[in-house]
Amino acid sequence: QVQLQESGGGPVQAGGSLTLSCAPSSTYCMAWFRQAPGKEREEVALINSDDSNTTYANPVKGRFTISRDSAKNTLYLQMNLLKPDDTAMYYCAATYRLGGYCTWRPVYWGQGTQVTVSS
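Rules and cut-offs
- Residues numbered from 1 in each chain as written.
- Predicted model: local features only at pLDDT ≥ 70, side-chain atom pairs only at ≥ 80, totals over all residues.
- Heavy atoms only, no water.
- Helix = DSSP H or I, 4+ residues; strand = E, 2+ residues; numbered from the N terminus.
- Buried < 20%, exposed > 50% of the residue type's maximum accessible area, 1.4 Å probe, protein only.
- Contact = heavy atoms within 4.5 Å.
- Lys, Arg positive; Asp, Glu negative; His and termini not counted.
- Charge placed at Lys NZ, Arg CZ, Asp CG, Glu CD.
- Disulfide = S-S within 2.5 Å.

Novice: Would you explain the overall build of the chain in this entry?
Specialist: A count of helical and extended segments in the chain gives zero helices and 11 strands. Mapped in sequence order, the helices and strands of the chain form the string β-β-β-β-β-β-β-β-β-β-β. Reported as C-alpha extents along the three principal axes, the dimensions of the chain are approximately 40 × 30 × 25 Å. Across the 119 residues that make up the chain, the buried fraction comes to 43%. Looking at the chain alone, contacts between residues at least 24 apart form 58% of all its contacts between residues at least 6 apart. With 10 positive and 9 negative side-chain charges, the chain shows a spacing of 2 Å between the two charge centroids.

Now the structure itself:
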């Protein structure tokens, strides 16, 4: 289900930074995914319901940060030191929780925002 709206994507040079936004953000588990043409969807970052824990895929560890602004009901993905391999359509999603753990299983999605990193 398309119930979220991503923004902030665009062209950027390698080594640069972008911040993606997703609204409205809920108090549930939230995640960012990405998909490049001809490739499978990749998990990027996950944040739990009270923002106390985050999980990152290995390719983005140390470069990307997922966060949430409760006052603005907005989810963010801060992307630094961007590489051409980061080029993809980026999607945010609310995800299911299993016990005390957030999963990568989406409940609903946004339509995506394109990030293109030039070499």
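Novice: What's the story with the state of the cysteines in this structure? I'm lost.
Specialist: When the sulfur atoms of two cysteines share a covalent bond, that bond is a disulfide. As enumerated under the stated definition, the model contains two disulfides in all. Here Cys22 pairs with Cys92 through a disulfide, and the sulfurs are 1.9 Å apart. An S-S torsion of about 70° defines the bridge between Cys22 and Cys92 as right-handed. Taken together, the residues span a long stretch of sequence, with Cys22 in strand S3 (residues 18-23) and Cys92 in strand S9 (residues 88-98) at a distance of 70 residues. Among the residues examined, Cys22 registers a relative accessible area of 1% and is labelled buried. Its relative accessible area of 0% is what places Cys92 among the buried residues. One disulfide in the model links Cys29 with Cys102; its S-S distance is 2.1 Å. Between Cys29 and Cys102, the S-S dihedral sits near -80°, and the bridge is therefore left-handed. Taken as a pair, Cys29 in strand S4 (residues 29-35) and Cys102 in strand S10 (residues 101-110) lie far apart in primary sequence, 73 residues in all. Residue class for Cys29 comes out buried when judged on its relative accessible area of 2%. The disulfide pattern of the chain is 1-3, 2-4 when the bonded cysteines are numbered in sequence order.

Novice: Looking at this model, I keep getting lost on the environment of Val107. Mind explaining?
Specialist: For Val107, the location among the structural elements is in strand S10. Separated by 78 residues in sequence, Val107 and Cys29 have C-alpha atoms that sit 9.7 Å apart. Residues contacting Val107, with those up to four places away along its chain left out, are Ala94, Thr95 and Tyr96.

As far as function goes, none of this settles anything; it's purely spatial.
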